Every structure is written in structure tokens, then in C-alpha cells.
Amino acid sequence: ADEITLACRIEKKGGDWQRQYLVSDGDVPIETLAEDGKWLGVREYRQYLDRAGLTHAIRHVLALEQGDTDKLCEYNPRQLLELVFSVFGDQEVLDNYQQAKNEQVEIGRELEKLEEELARLGVRLREAEANVNSYREWKSLNNEYQKLCLELLPRAGLADLHEKILIERHPIIRKRSELWRRQDHFKTLEEKIKHFEEAIQQVHANETSAEIAIKVAEQDFTDCRDAASAAERILKEKQRLEELCRQQQTGFDAAALAAEQRHNQGVLAANDHDLIKLREERSQIQSRLVALKSGEKDEPGFVKEFRQRLQNEKIEHQLLSDIVEINRSDWQAALEGVLNTYAHVVLLSNPSDRKRAWELGECMKYRHFVVSERTPMPKPDIGSLLEIVSFNKPPTMWIVDLLNRIQRVETVDEGNRLPLDTAWVTREGYFRERRGGRFVGIGKRDFKFGEAARKNVCDELEEILKNHAKRERALQDESSALSRRISEIHALIEGVDAARQLEALSAECTLAEKRFPELAKQAHEAAVALEESKTIHNQVQGKHVELQIAKAGTSGELKSERESLSREDNEVKGLRRQHADKIFDYRQRRRQMPSEWYSRRAIIELREKYESSDAVKRDISRLKERLEQGTWIVDEQVVAIKEKLQVDHDHLEETIKARRIHHNRHMSATNDARDSYINVLRATVRQYSRNVRKLGELAGIGVEIEPPHLVNDDVALTQAGLNVKFNFDQKGMIGLNDGEASGGQQVMKSLILLIGLLMDENRLGGFVFIDEPFAHLDVFNIDKVGAFLESTQAQYVLTTPNTHNVNVFTTSDLTLVTQKRHHPYKWAQPVAFLRREKGLKDN
């Protein structure tokens, strides 16, 4: 249409400015434009203009800055290629691809940030999981600890108490039976003591009778012996006097007799000295024998001194030898050998006295042990030395252990068959221990333990007294003979009248000779009766000693049995009382528990896991220590926090996964689309190259275009450029702006490059606006440029000053003349226009 109205309406809607366009036929007043409902958006308006012939390329060229249209030759290849892509609309597509890619990169960064956030959230989630695990572990341990303390420990304690009640019931019954048996045995021992006392009284009466008989026999023997001795002395005096008479009649050697006299006197004096010594020893032995028979012990002097000091300090004590009684005399030698070095061990009755006793031991340098620890007699091992020993007082434990470790064997061969770590001793006293074997047996005279040791010592002392008596009688007889001989020698030397003395004793001698045989017989019979009385007395005395020993052993056993019985009775009473207390405690505890806690099945299940309450306590201690030493999370809110973080983490992970899939898909699609669009770019370059070459042919200028390297790569696309070379007048190729072209050539290069942008397959030229294309050209070049513009069959809007060469108007169809406003006019002069006639133009 020759006349149309174009309008643009700009208004603010929703806070944003919006543009709308209107295309109407004819001249439409502005007042009625708003009533027209055919308003177009920006995109629709562009499409409308494209259909009307105002293409994107024309719009882009029209949008060039004033003065740039004739300076395209000054562009570098990269700028020129960008201009081509911009004019043909490809640059916008590339920009859109790049924008899409940038957006995808930004999306990638956002995804990376989201992944970083996911990682941080994962760290927080792991920390929360660790906190939850810590809380759950603490809760589990605490629940287990509470269950152990509040349920399992009372249940285990109740089960332990029930087991103890069941276990202790049979020992109590057994101890009661044993106590009854011991009571019967105690009564038997009391009866034995009574029998011993009665027997001792009877033996004591017999011993008194025997002593009286001995005295009577001794008196008879003395009388008979004295009578016989008197007769014998008279007879011996007769023999002496007769011998003296014979010597006086036959003569004698006075010097020899004097020497014999001196010798006999010396021997007599020696015999008197020996008799005095023997009588002193006999007195000491008799005193010692009396002390032993009265119950005293035969102890060394240092032991007596130490014991005396202990007694002075009022420290009750016993020696080990005082409390030991050996029940088997055939093993006395072996046991004495084992305990020999311990006979003088001092056992204190009161442990509180040990400090003072040790101080005395240090002061007196007492080399034997002073022991304050005492223990009841345990049950001995079968075949041990302890089995044949009894104690009338509690011994010390290490003596008991020593005797209990040593086994009795008959021979060394039997002992050798025992294990190597077993100590043993033979009946004779060969002792084997860990250090080796040695003989330790001791003779009877060295016995120190038990009543047998005292009896052996007494027998030995009595034997010594007998030997002393024999020796004393022999010395007395020898002294008597020496005295008579000394008297004879004295009479010879002094000249005594032996015949007269013999005559004076004749009557006594006759009577003595008649009575001596009968008196000797009576003396022998009295001696035999005396020996028989002594034998009977010794037998009665031996029986008395045996009864005393038996009574002492039985008394010791009775005393030990009394103490043991009292102790066991108290023990049984205490056990029964404790047992009753446990039963009461068991019932009290059970009342406080649910019935399912102490059912048989519950107890069995508990015992499968814990064997005792101590095991439960160990677990409680272990859990308590773990709870106290560990670092725990005890706030249950950590579970909710962890669940919230888990939900956030899972949601973010799914979001990232979905967005990553979309992002990769979009990146792949964009990359594939741009890769495909590269062909369009190549086609655009080929089309522009054809346009430029055609325009060069029209202008008589050789044009060569190096195709750019177009690939789907950001760097390659950024560095790609369109390198165009021109050949003017066959002078060789020159570049876009290499400084060798003249002003007219520069204008021609720019026009070719510019018009090539507007050509398409339907139109060889287009609509071109050129600002003063003929500036600075001479007339020849003006004509040449004008001829070129005309040959392109394009539509041009050219600007030029009115002072320019008139040749610039040669090719124009319409000339518009504008003027500036001149003073004093308010407005500039109206536009004058000239239209060339067709005929004139053709000419």
C-alpha cells in the first residue's frame, strides 16, 4: 500500500513496561488507534516486517552506527564473521546456544554447589548417625545396666541364696550327725578316763603295797645281811689273824709291805673320790628322774631360761614338744627326725603377746621360732605323718602342712614310685624332699615328743642308776678289801700279837662258823625276796606309768575333743542360725519379686547366662566403667534430627540426581543441536562468500574468501574469522585493512562487504543505508562507485552534503534536501525533494 500507519504503544503492566505495535491501512488518527484491536507483540511485529520485506539483515544493517557502513573493510576477520552471523541471524542463535550453555554451566555450578551442600549434609548426617548410634548404644548399655542392677542382680542373688540354702543343708545334716557321733565318742572317752582313774587308783594301791613289801623285804634283807656280814667279818678276821700269824712266823719284807701300804692307800683315796662323784651323779639323776616322773620336761638350759622369762612376763605359751602326741610308736623315730629341729618352737596362746615375745627372743638370742598363729587340727591326708599325730593344743599351720605333705612309706623303693614332687619318709627315718634324700632317724634317748619320749628318758635314767649302783658296790667292795689289807700291813709293821688276838676270838669264830651258812642262806633268800618285791614294784610302777600315759593321751584327746566338740557345736548352731537367716532372707526377697522372676524356667535361663551374682556384678562393673569413661550422646532429640537430616539428604540427593540427568540431557541436546547448527553457519558463510564474489564480479574486483574453521568447540568458534582478500586492477590480493588500498578502494571493499550482507536468493541487493559513501572521492571514483551501486539493483538511502560534486546525484531516483534552522526563524525550512524522470535517468 502507498500509505499505512505504524504505531507503537508503551505501557506499564504488572510493574513491567510492555511494547505493542499496530499496522493499519491509510492515515489513522492517533485518537482512534486505541480502539483498534489488532495490536501486535514484539515477536509478531518482527515477523510482520519480515513478510513485508524488512528482513533481519536489513534491520541489522540499519542498526549500524552512522559512519560504520563505509568502514567494514577496517574490521578484522573475527569482527567481520561476527557481523555476517549477526546479519544473517546466526549470531543470535549462537548467542542463544552460548547462553544456553552458560546457563547449563551455571546450572552445573549450582549442581556442584548442591552436591557440596549434599556433601556437607552427608557429613552432618554421618555425624547425626554417629550421635544416634552413640545415643542408641548408650541407651542400650544403660538399659542393660538398669536391667542388671534392678532385675538380674536381685534374681541372681536370690538364685545364689537358694543354691547356698540347698548346698548348706546337707553339710549341716552331716555335721549334726558327725556332732552326735563325736558326742558319743566324747562320752566313750569320759568312760575311758573313769576306767583309767579307777585302774590308776587300784595300781596306786598295789604300788603302795609293793612299796611296803619292799621296805619289809629291805629290812629283812638288811637284818639278814648284817647278821651274815657280822659272821663273815669274824671269819674273815680269823683268816686275817691266821695269815698274820703265818707271816709273823715265816718273816716279811718291811720295805715291800710299806710300798704296798702306800699304793693301797692311794687306790683307796681314789675309790673314795669316785664314790663321792658317783653319789653326786646318782643324786642328780634321781632328782631328774623324780621331776620327769612328776610330769616335767627335760629341756636345755637356754629353753628353760627363755620360758622362765615368758612366765615372768605372764605370756602363756607351749613348746611344740608339749602339745605333740605320737599315736604310732613304730613311727616315732621317723617323726622325731622330721620334727627334731622344731621341738623348741614356742607357740603363744595369745597373738597379742607376739610383739613382747619377739622382743624377749631378740634380747635372749633365742634361735627357735616364736609363733603366734594357731590353727585347729584339720583332717589329715591318708598315709601322711599327720595321720599318726595328735595335738592337745591347736598347732601352727606350717607344722600341720609340713606333716600333711610327707607320706609314710615302708621302703625307699616304695617312695621312689611316688610322684617326684611328693615328700616321703620311711619307718627307719630316711627322708626325701624337694632338695633330695637324707637319713633323719633318731635313737630313743634323743626322743623329744610325746609321753613315750618321757618314758624312754625315765627308763634310760633308771638304767644309768642301776649301773651307778653296781659301780658303787664294786668300789665299796674294793675299798673294803683295801682297808683290810692296809690293816694287816699296819699290824705286821707295828708288831701286833696275832696269836693272842686269834685266841681271844676263838669262841666268836666257833659260833660264826656254825651260824654263817644259815645266815648266808637267810641273806640270799632275803635278797631274792627283795628282788622279787622290786620286780613286782617295777611292774606295778610300769603299769602305773602306762596307765598315766594312756590317761594323759586320753585326757589330751578328751580335752581336744571337748574343745573340738564345743567348737563344732557352736559351728553347727551358727550354721543353723545362718541357714535359718538365709531362708528368712530368701522368703523376704521372693515376696518383693514377680513370680516369673524366680520360676524354675527363669532360673535355668538365668544360670545359662550368669553362673552367679558375682558374674552379674562383674558385668555391672564393666558397664558402669564403660558408661562413666565413654563419651555418650544422651539426648533423644538426635534421633529426630538424624531422621530430618536423612529426609533432607535423600530429597536433595534425588533432586540432584534428577537435575543432573536433565542437565546432562540438556547439555547433550544443546551440544548436538549446536553441532548440527555448524552446518547452517557453514551455509551462511558459503552464501555470504557467493554474494561477495558476485558483487566483486559486478565491480570488476577479484574477491577471495578463506572459509573459517567452524567446529562445535567454544575456542574454535571464538577464534574463527572471515578472511576476505581483494584484487584491484590485477595488482594482487590485499586484505581488509592492510593500508595499501586507496580511499575509493576502501569504499568499494566496504560496499561489497555491506551489500553482500543484504543479498539473498530472491533479491540481488536489498535496502541499504549508506552515510556519505562518496566522501573524499574524486569524480572518477564517484562515477565508478555510482555505477557499482546501480549495477547491484539494490535500494539505497545515501547521504551527502549539498556542496558535493553533482555526480553523486546521477543514480538517485529521489533527492531530499534538508536545511538547518536559520535565525530568526523558529523552524527549519520544509524538506524539498526532487524526483528524477525516468526518461532522463535512462539517458
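Below, the structure is looked at part by part. Note on numbering: residues in each chain are counted from 1, in written sequence order. Where local features are concerned, this predicted model is filtered to residues with pLDDT of at least 70; where side-chain atom pairs are given and counted, the filter is 80 or more; whole-chain, interface and lining totals use all residues. The basis for every side-chain value is the complete set of non-hydrogen atoms in the structure, without hydrogens or water.

## Section: the overall build of the protein
(1) Moving on: Under the scheme used here, helices are H or I runs from DSSP no shorter than 4 residues and strands are E runs no shorter than 2 residues, and both carry numbers assigned from the N terminus. Counting its secondary structure elements, the protein contains 21 helices and 18 strands.
(2) Moving on: For the exposure calls, accessible area comes from a 1.4 Å probe over protein chains only, and a residue counts as buried if that area is under 20% of its type's maximum, exposed if over 50%, partly exposed in between. Residues classed as buried in the protein amount to 36% of the 843 residues present.
(3) Moving on: Taking all contacts inside the protein whose residues are at least 6 apart in sequence as the whole, residues at least 24 apart take part in 71%.
(4) Moving on: Within the structure as shown, the protein displays about 51,900 Å² of accessible surface, and the carbon and sulfur contribution to it stands at 50%. Here a residue-residue contact requires only that any non-hydrogen atoms of the pair lie within 4.5 Å. Using a 1.4 Å probe, accessible areas were evaluated by the Shrake-Rupley method; residue-level cover was limited to the displayed protein chains.

## As for unusual backbone geometry
Working note: non-glycine residues mostly have negative phi, and peptide bonds are mostly trans.
(1) Moving on: At the junction of His-823 and Pro-824, the peptide bond is cis and its omega measures out at 15° in the coordinates.
(2) Moving on: Relative to the helices and strands, Pro-824 is located in the loop between β17 (814-817) and β18 (832-835).

## Brief notes about the sheet that holds strand β8 (residues 406-409)
(1) Moving on: Pairing is mixed across the open sheet formed by four strands, whose spatial order is β8-β9-β10-β11. Strands with a single pairing partner mark the edges of an open sheet, and in this sheet they are β8 and β11 (436-439). Averaged over all pairs of adjacent strands, the angle between their axes in this sheet comes to 20°, without regard to strand direction.
(2) Moving on: Bridge count for strand β10 (residues 430-433) against β11 is four bridges, and the pairing is antiparallel. Each residue of the ladder has a partner; that of Glu-433, found in β11, is Gly-436.
(3) Moving on: What counts as an axis is a line fitted to C-alpha atoms, over the stretch in contact for a helix, and the angles between N-to-C directions run from 0 to 180 degrees. Of the strands in this sheet, β8 and β9 (423-426) are in contact with helix α10 (residues 397-405), which crosses β8 at around 35°. Only strands joined by at least two bridges in the DSSP assignment are considered to pair.

## Re the sheet that holds strand β12 (residues 702-706)
(1) Moving on: Pairing in this open sheet of three strands is antiparallel, and the strands run β12-β13-β14 from one edge to the other. On the outer flanks of this sheet lie β12 and β14 (733-734), each paired with one strand and no other.
(2) Moving on: Both β12 and strand β13 (residues 723-727) contribute to a ladder of five bridges, which runs antiparallel. Its bridge partner lying in β13, Ile-705 is registered against Val-724.

## Considering the side chain of Ser-372
(1) Moving on: For Ser-372, the location among the structural elements is in the loop between β6 (370-371) and β7 (389-391).
(2) Moving on: Polar contact is the term for a pair of N or O atoms within 3.5 Å; when the atoms are in protein, one must be able to donate a hydrogen and the other to accept it, and sequence-neighboring residues count only if both atoms are side-chain atoms. Engagement of the side chain of Ser-372 in a polar contact is seen with the side chain of Glu-373, the distance being 3.3 Å.
(3) Moving on: Sequence-distant contacts of Ser-372, that is, excluding residues within four places in its chain, are made with Leu-348, Pro-351 and Arg-354.

## Describing helix α6 (residues 301-312)
(1) Moving on: A rise of 1.5 Å per residue sets the reference length of α6, with its 12 residues, at 16 Å; its end C-alpha atoms lie 16 Å apart and thus fit the reference within 8%.
(2) Moving on: For α6, the set of buried residues is Val-303, Phe-306, Arg-307 and Leu-310. Down the axis of α6, the buried side of the element spans an arc of 95°, and every buried residue falls inside it.
(3) Moving on: Residues of α6 that are buried make contact with β3 (317-319), α7 (320-323), β5 (346-348), α9 (354-364) and β6.
(4) Moving on: Positive phi shows up at Lys-314, right after α6, with a value of about 60°. A helix is expected to span 1.5 Å multiplied by its residue count minus one. By arc we mean the arc of the directions from the helix axis to the C-beta atoms, nothing more.

## Describing the nonpolar core
(1) Moving on: Note on terminology: a nonpolar core comprises buried Ala, Val, Leu, Ile, Met, Phe, Trp, Tyr and Cys residues joined through side-chain atoms within 4.5 Å. Of all hydrophobic cores here, the largest spans 47 residues; its most connected members are Leu-710, Leu-722, Val-724, Phe-726 and Phe-788.
(2) Moving on: Elements with a contribution of two residues or more to this core: α3 (77-87), α4 (90-250), α17 (637-699), β12, β13, α19 (743-758) and α20 (779-791).
(3) Moving on: When residues no more than four places from it in sequence are discounted, the contact partners of Phe-726 are Ile-701, Gly-702, Val-703, Gly-732, Met-733, Ile-734, Gly-735, Leu-736, Lys-749, Ile-752 and Leu-753.
(4) Moving on: Counting residues in each nonpolar core, the second largest holds 26 residues, with Leu-320, Trp-331, Val-345 and Phe-391 among its members.

## Some details on the packing of α6 against α9
(1) Moving on: Relative orientation of the contacting elements α6 and α9 amounts to 145°, with a least axis distance of 11 Å. Read as a crossing pair, α6 and α9 show a hand that is right-handed. Between α6 and α9, the residues in contact are Glu-305, Phe-306, Arg-309 and Leu-310 and Ala-357, Leu-360, Gly-361 and Met-364, respectively.
(2) Moving on: Looking at side-chain class alone, the contact of α6 with α9 contains five nonpolar, one polar and two charged residues. For any helix crossing, the convention is left-handed if the near helix is rotated counterclockwise from the far helix by under a right angle, and right-handed if that rotation is clockwise. When residue character is reported, Ala, Val, Leu, Ile, Met, Phe, Trp, Tyr, Cys and Pro are called nonpolar, Asp, Glu, Lys and Arg charged, and the others, Gly included, polar.

## Remarks on the pairing of β8
(1) Moving on: Neither face of β8 is open: one carries Ile-406 and Arg-408, the other Gln-407 and Val-409, and all of them are buried.
(2) Moving on: Taken together, the four bridges between β8 and β9 define a ladder with parallel strand orientation. Across the sheet, the residue bridging to Ile-406 is Ala-423, located in β9.

## Quick notes on the pattern of salt bridges
Once their charged atoms are close, side chains differing in charge can pair, the charge on each being opposite to the other.
(1) Moving on: The term salt bridge refers to a pairing of a side-chain nitrogen on Lys or Arg with a carboxyl oxygen on Asp or Glu at a separation within 4 Å. Applying the stated criterion across every chain, the model contains 19 salt bridges.
(2) Moving on: In this structure, Glu-387 and Arg-408 form a salt bridge, with 2.7 Å as the shortest nitrogen-oxygen distance. Of the two residues, Glu-387 sits in the loop between β6 and β7 while Arg-408 sits in strand β8, which places them 21 residues apart along the sequence.
(3) Moving on: Classification of Arg-408 by relative accessible area gives buried; the value is 18%.
(4) Moving on: The salt bridge partner of Arg-674 is Asp-714, with a shortest N-O separation of 2.7 Å. Within this pair, whereas Arg-674 is found in helix α17, its partner Asp-714 is found in helix α18 (residues 714-719), the two being separated by 40 residues in sequence.

## Some remarks on a nonpolar patch on the surface
(1) Moving on: A cluster of nonpolar side chains, namely Leu-814, Leu-816, Val-831 and Phe-833, defines an oily patch on the protein surface of about 410 Å² accessible area.
(2) Moving on: Tracing the chain through its elements places Val-831 in the loop between β17 and β18.
(3) Moving on: Judged by its relative accessible area of 48%, Val-831 falls in the partly exposed class. Like-charged residues within 9 Å of one another, or nonpolar side chains (Val, Leu, Ile, Met, Phe, Trp, Tyr) within 5 Å, are grouped into patches, provided each residue has over 30% relative accessible area and no salt bridge.

## Some words on the side chain of Thr-684
(1) Moving on: Mapped onto the elements, Thr-684 comes out in helix α17.
(2) Moving on: For Thr-684, a relative accessible area of 6% corresponds to the buried category.
(3) Moving on: Among all residues touching Thr-684, those that are not within four sequence positions of it are Val-84, Phe-85, Phe-88 and Asp-90.

## A few points about a positive patch on the surface
(1) Moving on: The charged-residue count follows a simple rule in which Lys and Arg add positive charge and Asp and Glu add negative charge, with His and chain termini not counted at all. Charged groups are reduced to one reference atom each: NZ for lysine, CZ for arginine, CG for aspartic acid, CD for glutamic acid. Taken together, the side chains of Arg-682, Arg-686, Arg-690, Arg-693 and Lys-694 define a basic patch exposed on the protein surface.
(2) Moving on: Following the sequence through the fold, Arg-682 ends up in helix α17.

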